[in-house]
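Here's the letter readout for the chains.
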2 protein chains.
Amino acid sequence: MHALTTQADGGTRVRPTAVPEPEPRHDQAVVEVRAVSVNRGDLSLLGMLPPGSRLGFDVTGTVVRAAADGSGPPAGTRVAGVADRDGWSERVALSTARLAPLPDGVGWTDAAAVPVAGLTALYALRQAGSVLGRAVLVTGASGGVGRIAVQLARAAGAEVHAWAGSPERLKGLTGLGAAGTSTYEAGPGATPPVHVLVDSVGGEVLRSAYQLVRQRGVVVCYGNTTRSDLSLPFDWGNARPGVRIRYLHLFDEMPRRTVGDDLALLLRLVAEKALDPQVALVGEWSDPEPVLRSVGDRQVNGKAVLVR
Amino acid sequence: MHALTTQADGGTRVRPTAVPEPEPRHDQAVVEVRAVSVNRGDLSLLGMLPPGSRLGFDVTGTVVRAAADGSGPPAGTRVAGVADRDGWSERVALSTARLAPLPDGVGWTDAAAVPVAGLTALYALRQAGSVLGRAVLVTGASGGVGRIAVQLARAAGAEVHAWAGSPERLKGLTGLGAAGTSTYEAGPGATPPVHVLVDSVGGEVLRSAYQLVRQRGVVVCYGNTTRSDLSLPFDWGNARPGVRIRYLHLFDEMPRRTVGDDLALLLRLVAEKALDPQVALVGEWSDPEPVLRSVGDRQVNGKAVLVR
């Protein structure tokens, strides 16, 4: 079978290459892959891994061999799951604890977009506890995780405020449930105080957004796209007693979570039309380079998917 | 009766003044005060309150009237507790939920030093969960809270590292249970990685200490004596997935805690000689100015107490 692997030549970064069939552990199902998504984390890894390396976390497809230990769904079931960085493949072994069946009506491209972005947004919000009736500010709201975080916070009863880098990027966010949208340039003046801040931008954007965080507020960072120092004003704590700041890394968080159940929850929301994974770009698995380039250049306002 | 109140003239900042007897709520006991402590927080308030204002949180003395609702100890019981900023008085009404009886053998000066500093240190450490066998770094370790935090962390089974501003200030900390001591100047090189950082200094000291914080580490700040911006390196989160930063303000935290029980716990540790409140300066309630001045000038390596 074939998998996309990193290449030695600089021009094409990944290419279908012959690899061995997956050898599942007793708690893994083998899945015939139908679609995968391209996350920015995949691109970061791509730049660090030696030639011939496998890639890919977000996978959807059909179970062709159930797990030997009897866990998980039988052969023939459509599933989505989180792979062990080997998901950009024709077939892959997925832990049954990290996959969930697709509800009827959820297609391959939407399903492929859900696992990493959806779980990151879900676990970010879970840090905050109940957000019912509370104000939540999402920065980087035009990105794949941001667009899902806006929808999940709204579905949880929050008043959601969405920040992004430009008026163009803010398009569509009101339709996803944001009560207010604002560019970074506008600063904190146009947004009310918030109980929860979900940030992936860091630097000046985080410092600006932090001014809105209330007493006992919760700040969840899941990225730092500007690669800036964390810089907050001297009264960051004393003016907000009990404030909490947490850095969430999905692969650090997953071992403590019921990933399969949480993925099932997200897919159910997709089936119920309460969550749109916001697939903004679809390409061919056999020719991934155009999609990779668009994601790397931040040209995708949402998720990017490769289909087989 | 008399209480220490703020004065209009700049020279003497507080002075015994005639005030009304306390009028207890149904859940308050009236206590004849024997000793109070002077916290830096008292001095901050002193500078902000209008003339004639009452002060004081840390109180110890004897119950002269039990609470009307039957809660708390009977008249004649020696207690320590947290007052509502009116503790620097001959008599004061204390909520029974915020006081605890003194065990035999615990004297007035030690007891007066425990409530605010001890509860702050205890609640700071509780943010970290179990520290058994884990490394804990305490900055500002020579201060009143710092010296208690070092002892509580050690009593909880931690390997404790203590940082302070000079070799003189580090004196005695090894005897309190610190496995290692270091000046701020020495930087992070002399201290191993830690799971928990308890900081009250902020600025460059916090940035330096933060370099030692491990994955899923916990940073608890309860002050920012340098009044500096929070500044951490760009990989503050990504290099430590799951890291948590929390600002603890005692008066924000207390409503969520069983303060009376926690105070009883601290006083029992004092009775058992497992905790020394480190009273470093004792003055007369009737002439508080010398003690206030020493606390304000950071001349006290530990706690300062006024006795009646």
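Residues numbered from 1 in each chain as written. Chains lettered and ligands numbered in written order. Predicted model: local features only at pLDDT ≥ 70, side-chain atom pairs only at ≥ 80, totals over all residues. Heavy atoms only, no water.

- The name that an unreviewed UniProt entry assigns to chain A is Oxidoreductase, with the source organism given as Streptomyces pilosus.

Brief notes about helix α6 (residues 203–210) of chain B
Residues and elements named next belong to chain B.
So, point 1. Where burial is concerned, most of α6 is hidden: 6 out of the 8 residues are buried.
So, point 2. Those residues of α6 not exposed but buried are G203, V205, L206, S208, A209 and Y210.
So, point 3. Taken together, the buried residues of α6 touch β8 (135–138), β9 (159–164), β11 (194–199), β12 (213–221), β13 (230–232) and β14 (244–247). (Buried < 20%, exposed > 50% of the residue type's maximum accessible area, 1.4 Å probe, protein only. Helix = DSSP H or I, 4+ residues; strand = E, 2+ residues; numbered from the N terminus. Contact = heavy atoms within 4.5 Å.)

Topic: helix α4 (residues 144–155) of chain B
Residue and element names in this part refer to chain B.
So, point 1. Taking 1.5 Å of rise per residue, the 12 residues of α4 would be expected to cover 16 Å, and the 17 Å separating its terminal C-alpha atoms lies within 8% of that figure.
So, point 2. Burial within α4 is extensive, with 10 of its 12 residues counted as buried.
So, point 3. For α4, the complete set of buried residues consists of G144, V145, G146, R147, I148, A149, V150, Q151, L152 and A153.
So, point 4. Immediately beyond the C-terminal end of α4, within one or two residues, lies G157, with a positive phi of roughly 90°. (Expected span 1.5 Å × (residues − 1).)

Section: the relation of the copies chain B and chain A
So, point 1. Superposing chain B onto chain A takes a rotation of 180° combined with a translation of 0.0 Å along the rotation axis, leaving an RMSD of 0.0 Å. Each copy turns onto its partner about a two-fold axis.
So, point 2. Interface overlap between copies is the fraction of interface residues in one copy that are interface residues in the other; for chain B against chain A it reaches 100%, indicating a shared surface. (Least-squares fit on C-alpha atoms with pLDDT ≥ 70 in both.)

Details of the interface of chain B and chain A
So, point 1. At the interface, 27 residues of chain B touch 27 residues of chain A.
So, point 2. Of the roughly 2,500 Å² buried at the junction of chain B and chain A (both faces included), carbon and sulfur atoms supply 52%.
So, point 3. Put simply, chain B and chain A have 6 salt bridges between them.
So, point 4. Put simply, A:R216 and B:D252 hold a salt bridge, and the shortest N to O gap is 2.7 Å.
So, point 5. At 4 residues, the largest contribution of residues to the side of chain B that touches chain A is made by β14(B).
So, point 6. Classifying every residue of the side of chain B that touches chain A gives 10 nonpolar, 8 polar and 9 charged.
So, point 7. Relative to β14(B), strand β14 (residues 244–247) of chain A runs antiparallel, the two being bridged by 3 bridges. When the bridges of β14(B) are listed, A:R246 appears paired with B:R244. (Buried area = accessible area lost by both parts, 1.4 Å probe. Salt bridge = Lys/Arg side-chain N within 4 Å of Asp/Glu carboxyl O. Nonpolar A, V, L, I, M, F, W, Y, C, P; charged D, E, K, R; others polar. Pairing = 2+ DSSP bridges.)

What about unusual backbone geometry?
So, point 1. Phi at A:R85 takes a positive value of approximately 55°, unusual for a residue other than glycine.
So, point 2. Structurally, the position occupied by A:R85 is in the loop between β5 (78–82) and β6 (91–95).
So, point 3. A:R85 sits in the partly exposed class, given a relative accessible area of 28%.
So, point 4. Of note in this structure, B:Q278 is not a glycine but carries a positive phi near 60°.
So, point 5. Within the secondary structure, B:Q278 sits in the loop between α8 (259–271) and β15 (279–284).

Overview of the sheet that holds strand β10 (residues 178–183) of chain B
By definition, the strands of a sheet pair up through backbone hydrogen bonds, in either a parallel or an antiparallel sense.
So, point 1. Here we have 12 strands laid out as an open sheet, ordered β10(A)-β9(A)-β8(A)-β11(A)-β12(A)-β14(A)-β14(B)-β12(B)-β11(B)-β8(B)-β9(B)-β10(B), and mixed in their pairing. Each edge of the open sheet is held by one strand with a lone partner, namely β10 (178–183) of chain A together with β10 of chain B. Adjacent strand axes in the sheet meet at a mean angle of 15° when their direction is disregarded.
So, point 2. Pairing between β8(B) and β11(B): 3 bridges, direction parallel. Each bridged residue has a counterpart across the sheet, and for B:L137 the counterpart in β11(B) is B:L197. (Axes fitted to C-alpha atoms, helices over the stretch in contact; angles between N-to-C directions.)

What to know about the domain arrangement of chain A
As a measure of interface size, the accessible area lost when the parts come together is often cited.
Residues and elements named next belong to chain A.
So, point 1. Taken domain by domain, chain A consists of domain 1 (2–116 + 257–307) and domain 2 (128–247).
So, point 2. Using only C-alpha atoms to locate each centre, domain 1 and domain 2 end up separated by 28 Å.
So, point 3. At the junction of the two partners, domain 1 supplies 10 residues and domain 2 supplies 11 residues.
So, point 4. Carbon and sulfur atoms supply 55% of the area that domain 1 and domain 2 bury against each other, a total of about 960 Å² over both sides.
So, point 5. Its largest share of buried area at the contact with domain 2, domain 1 owes to Q278, R298 and N301, together 47% of the area lost on that side.
So, point 6. Counting the contacts that link domain 1 with domain 2 gives 0 salt bridges.
So, point 7. Across the side of domain 1 that touches domain 2, the residue classes tally to 4 nonpolar, 3 polar and 3 charged. (Domains from an automatic or database assignment.)

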